[in-house]
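Chain and residue survey
Below are the chains, spelled out letter by letter.
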Amino acid sequence: MRKFKAEYACLSSVGKIRRNNEDNFYCDGHIRDDLMSTEDIAFSGIVSADTNELFAVFDGMGGEACGEVASFIAASNSELFARDREKFEEYLYELAELLNEKVREETEARSLVIMGTTAAMLQISGSDVYILNAGDSRVYKLSRHELRMISQDHIAYGSGGKAITKFIGMPEGHQLNPYIARGKYKAGDMFLLCSDGVTDMLTDDEICSIIDNKRELSVLVRELVDAALEKGGVDNTTAILLRFTK
């Protein structure tokens, strides 16, 4: 029986309006480690589904450079955590709790009221896929030409606009309680992890029409981000695309 592989492509862009990129990611050992750079970051590769891989998108919040610090703390600690192969069986909740603690510690060290980051995570573990999210960064599954959001938004709307109700870096006394799910995949299935810089600009139908294609993932993820930018690009835009093959 042939083993599954996962092709991936990642692209992070600062957008058209923001002066800095508050997004970060963890993808096959890569993170955005130059917080001052406003250049696009793009790369792609292939991993074995049997090696237990982690993919994640983080969208920082807090303003005045704190958002990019929070997302970097999440990305860099994900990298450290993922090196420990002993933790690789269903570890997303444990990882999220660790990241929450690390961001909260930095918030207190800076004497800030709040600093945090959303999180959309996906772990491949053999024939299973585990997802976890907090905030409005999303995970989608595309199977047989049907796109479905498999994460859960944590948003409250009011007179002041949109507020994130769950995030990495929740203040002391507040539980993180992220959304967690487990599922299967088959050859040809695709998964998309993205910040709201994508989903605030594009409808699910528009996203589906772009990524439901057999072309190289690096091409598709570029078209997805470019489409979000063409619609206004009001926020940082980060997307990771995965496609399972045999």
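That block above? That's the structure.
Residues numbered from 1 in each chain as written. Predicted model: local features only at pLDDT ≥ 70, side-chain atom pairs only at ≥ 80, totals over all residues. Heavy atoms only, no water.

**Let's talk about the packing of helix H1 (residues 66-82) against helix H2 (residues 92-109)**
Which entries qualify depends on this criterion: Axes here refer to lines fitted to C-alpha atoms; in helices the fit is confined to the stretch in contact. Angles between the N-to-C directions go from 0 to 180 degrees. Helix and strand labels come from DSSP, where a helix needs a run of H or I of at least four residues and a strand needs a run of E of at least two; each type is numbered from the N terminus. Each angle is binned into one of four classes, with values under 35 degrees roughly parallel, values over 145 roughly antiparallel, values of 65 to 115 roughly perpendicular, and all other values oblique. For a crossing to be left-handed, the near helix must be turned anticlockwise from the far one by less than a right angle; the clockwise case is right-handed. Only heavy atoms enter the contact rule, under which two residues are in contact if any of them lie within 4.5 Å.
Here H1 crosses H2 at 140 degrees, and the two axes come no closer than 9 Å. Looking at the two axes, H1 sits oblique to H2. In terms of crossing hand, the pair formed by H1 and H2 is right-handed. Together, Val 69, Ala 70, Ile 73, Ala 74, Asn 77, Ser 78 and Phe 81 of H1 and Glu 94, Leu 95, Leu 98, Leu 99, Lys 102, Val 103 and Glu 106 of H2 make up the contact between the two elements.

**Let's talk about unusual backbone geometry**
The backbone phi angle of Arg 144 is positive, close to 55 degrees, even though this residue is not glycine. By the element assignment, Arg 144 lies in the loop between strand S8 (138-143) and strand S9 (146-149). Although it is not a glycine, His 145 sits at a positive phi angle of roughly 70 degrees. In this structure, His 145 sits in the loop between S8 and S9.

**Considering the sheet that holds strand S13 (residues 190-194)**
Put simply, the rule reads: Pairs of strands are assigned from DSSP output, requiring at least two bridges between the strands.
The sheet built from six strands is open, its strands ordered S3-S1-S14-S13-S8-S9 with antiparallel pairing. Only two strands of the sheet have a single partner each, and these edge strands are strand S3 (41-48) and S9. Across the sheet, the axes of successive neighbouring strands diverge by a mean angle of 15 degrees, strand direction being ignored. Sheet topology note: the S8/S13 ladder contains five bridges and is antiparallel. Across the sheet, Leu 142 pairs through a bridge with Met 190, a residue of S13. Contacting S8, S9, S13 and strand S14 (237-245), helix H4 (residues 204-211) crosses the sheet at an angle of about 55 degrees to S8. Strands in contact with helix H5 (residues 217-230) are strand S1 (5-13), S3, S13 and S14; relative to S14, the strand with the most contacts, it is inclined by about 150 degrees.

**Structural notes on the side chain of Ser 71**
Convention followed: Under this definition, polar contacts are N or O atom pairs within 3.5 Å; protein pairs additionally need one hydrogen-donor-capable and one acceptor-capable atom, and for neighbouring residues in sequence, both atoms have to be side-chain atoms.
Position of Ser 71 among the secondary structure elements: in helix H1. A polar contact of 3.2 Å, which involves the side chain of Ser 71, links it to the backbone oxygen of Glu 68. Beyond its immediate stretch of four places on either side in the chain, Ser 71 contacts Glu 22, Asp 23, Asn 24, Phe 58, Gly 60 and Thr 117.

**A closer look at the packing of aromatic side chains**
We count it as follows: Ring pairs shown here join Phe, Tyr and Trp side chains whose ring centres sit within 6.5 Å, with only the six-membered ring taken for Trp; geometry is labelled stacked below 30 degrees between planes, edge-to-face above 60, and tilted in between. Working definition: with a 1.4 Å probe on protein chains only, accessible area under 20% of the residue-type maximum means buried, over 50% means exposed, and in between means partly exposed.
For the coordinates displayed, the defined rule picks out seven aromatic pairs. Taken together, a centroid distance of 5.6 Å and an interplanar angle of 50 degrees make the contact between Phe 25 and Phe 43 tilted. In this pair, Phe 25 is assigned in strand S2 (residues 23-27) and Phe 43 in strand S3, connecting sequence segments 18 residues apart. For Phe 43, a relative accessible area of 16% puts it in the buried group. Through a chain of ring-to-ring contacts, three or more aromatic side chains come together here, namely Phe 4, Tyr 185, Phe 191 and Phe 244.

**Describing the nonpolar core**
The test is simple: Here the nonpolar core consists of buried residues drawn from Ala, Val, Leu, Ile, Met, Phe, Trp, Tyr and Cys, with membership extended through side-chain atoms lying within 4.5 Å.
Counting 30 residues, the largest nonpolar core has Leu 54, Phe 58 and Met 121 as the members making the most contacts within it. If you list the elements that add at least two residues to this core, you get strand S4 (53-61), H1, H2, strand S6 (119-125) and strand S7 (128-134). Those residues in contact with Met 121, other than ones at most four positions away along the chain, are Leu 54, Phe 55, Ala 56, Phe 58, Leu 92, Leu 95, Leu 99, Tyr 130, Ile 131, Leu 132, Val 139 and Leu 193. By size, the runner-up hydrophobic cluster in this structure holds 25 residues, among which are Leu 11, Leu 147, Ile 210 and Val 221.

So yeah, pure geometry; function would need other evidence.
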